[in-house]
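This is what each chain is made of:
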Amino acid sequence: MASLNGGFVGIDYAVTAGTQSAVITTFNASGTLTTAPRSSAVQFVIVAGGGAGCANLNGSGGGGAGGYRSSVPGEASGGGASAQSLSPVSGATGYPVVVGAGGAGSTGIGAQGATSSFNGVTTVGGGAGAYDSSLIVGGSGGGQSYSGSGGTGTANEGFNGGAAVYSGGSNNGGGGGGGAAQAGFAPASPAPPQRGYAGGNGVASSITGSSVTRAGGGGGVGRFENTPGAGGAGGAGGGGAGAQPVSSASNPGTANTGGGGGAEDGGNSTGTGGNGGSGVVIVKEPAVSFIENTSGVWSMEAVYENVSAGTWT
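As the structure is a prediction and not an experimental result, all values here were calculated from the model.

1. Considering the overall build of the chain
- A tally of helices and strands in the chain yields 1 helix and 13 strands.
- For the chain, restricting intrachain contacts to residue pairs at least 6 apart in sequence, the fraction spanning at least 24 positions comes to 56%.
- Accessible surface, the chain as shown: approximately 12400 Å² in total, 54% of it carbon and sulfur.

Okay, here's the thing in structure tokens:
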């Protein structure tokens, strides 16, 4: 019998059809993604580690959120950017995944968060909260204290940290760390006395099937212990709140959200700012429908007619 799909007399190839199910893999620590056999392009959410909050006796800025990039259709990356294109991959292939640690808090300005990466896409660690310092840039910028601008966020990853305004005397409030979806909050001028300001909010994603917000900025703190509102709220998405009372234990960013650490007032030079939250990498391999053994589908009548006409040789 003539083949209906291979063009070989006496051979019939059985058509195979099926679906490779979607695969979602969450990396809370560095590792390797081995793709499913038929995957050719994947969605991702990549969040770097958040920056640490500051701890200074004259008010402190909150840590900035880790940089946030997404390729989930219809969702957003950080800094107000749209989702990137899907990431091309080969089936049954290993791809290294790096998940950045959060920055460690210290008795002064803490550390920036570490980068996260997958398949050539890297996000920048969140900037550390600061006191009268410009060394607070990052995926989202760290908040400032005493006086000056907040840290600058990275394009397509996050927003700036909140600024600080010095109004004379002891009015040394702390700006909130920037979030992936919103800048850190800052005082108006002239600044009200001794307040900490909230971190910016993060970005929500449903890549895992339910909506989760990540990469919120840490809250800043003012100078004095019992000032109402001295500790700013952490931004939605894992940002740590500024300490309240301001010399109490600092609040870290939430692990595996890239949230910025909350600030603390330095506790007479013994307290530390909150650690930044570690990052996360989530990869979704969409479902793939396939049909095999269909190349060269020709009836024997078509073969005869084309060979007779000289259109096939």
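2. Things to note about the pattern of salt bridges
- The tally for this structure, following the rule as stated, stands at 1 salt bridge.
- With a shortest N-O distance of 3.0 Å, Glu157 and Arg69 are connected by a salt bridge. Of this pair, Glu157 sits in the loop between strand E9 (121-123) and strand E10 (203-205) while Arg69 sits in strand E5 (residues 68-70); the two residues are 88 residues apart in sequence, bridging distant segments of the chain. Each member of the pair, Glu157 together with Arg69, is buried.

3. Re the sheet that holds E9
- Read from one edge to the other, the open sheet built from 4 strands follows the order E3-E7-E8-E9, with strand pairing classed as antiparallel. On the outer flanks of this sheet lie strand E3 (31-34) and E9, each paired with one strand and no other. Pairs of neighbouring strands in the sheet enclose a mean axial angle of 20°, with direction left out of account.
- Note that E3 and strand E7 (residues 94-98) share 4 bridges and pair antiparallel. Paired with Thr32 across the two strands is Pro96, which belongs to E7.

4. Some points on the confidence of the model for the chain
- Across the chain, the average pLDDT comes to 87, with 83% of residues at 70 or higher.
- Predicted confidence is poor over residues 1-11, with pLDDT under 50, and the contacts of this stretch with residues over four places away or in other chains come to 31 contacts.

5. Points about the packing of aromatic side chains
- Counted by the stated rule, this structure contains 2 aromatic pairs.
- For Arg38, the ring lying beneath its charged end belongs to Phe290, and the centroid distance is 3.6 Å.

6. Concerning the pairing of strand E4 (residues 41-47)
- Most of E4 sits inside the fold, with 6 of its 7 residues counted as buried.
- The pairing of E4 with strand E6 (residues 87-88) spans 2 bridges and is antiparallel. Opposite Ala41, over in E6, you have Pro88 as the bridge partner.
- In this sheet, strand E12 (residues 280-285) lies alongside E4 in antiparallel orientation, the contact comprising 5 bridges. Bridge assignment links Gln43 to a residue of E12, and that residue is Lys284.

7. Structural notes on unusual backbone geometry
- One non-glycine residue with positive phi stands out, namely Asn156, at about 70°.
- Here Asn156 is to be found in the loop between E9 and E10.
- Taking the relative accessible area as the measure of exposure, Asn156 reaches 39% and is therefore partly exposed.
- Its identity as a non-glycine residue notwithstanding, Asn256 has a phi of 60°, on the positive side.

8. A closer look at the nonpolar core
- One finds Phe27, Leu33, Ile46, Val97, Phe118, Val281 and Val283 to be the most contacted residues of the largest nonpolar core, which totals 13 residues.
- Elements represented by at least two residues in this core include exactly E4, E7 and E12.
- Not counting residues up to four positions away in its chain, the partners in contact with Phe118 are Leu33, Val42, Phe44, Ile46, Ser87, Tyr95, Pro96, Val97, Val281 and Val283.
- With 11 residues, the next largest nonpolar core counts Val47, Ala65, Val280 and Ile282 among its residues.

Calculation rules
- Residues numbered from 1 in each chain as written.
- Predicted model: local features only at pLDDT ≥ 70, side-chain atom pairs only at ≥ 80, totals over all residues.
- Heavy atoms only, no water.
- Helix = DSSP H or I, 4+ residues; strand = E, 2+ residues; numbered from the N terminus.
- Contact = heavy atoms within 4.5 Å.
- Areas by Shrake-Rupley, 256 points an atom, 1.4 Å probe, with all protein chains shown as cover.
- Salt bridge = Lys/Arg side-chain N within 4 Å of Asp/Glu carboxyl O.
- Buried < 20%, exposed > 50% of the residue type's maximum accessible area, 1.4 Å probe, protein only.
- Pairing = 2+ DSSP bridges.
- Axes fitted to C-alpha atoms, helices over the stretch in contact; angles between N-to-C directions.
- pLDDT = per-residue confidence, 0-100.
- Phe/Tyr/Trp six-rings, centres within 6.5 Å; stacked < 30°, edge-to-face > 60°.
- Lys NZ or Arg CZ within 6 Å of the ring centre and 35° of its normal.
- Core = buried A, V, L, I, M, F, W, Y, C linked by side-chain atoms within 4.5 Å.

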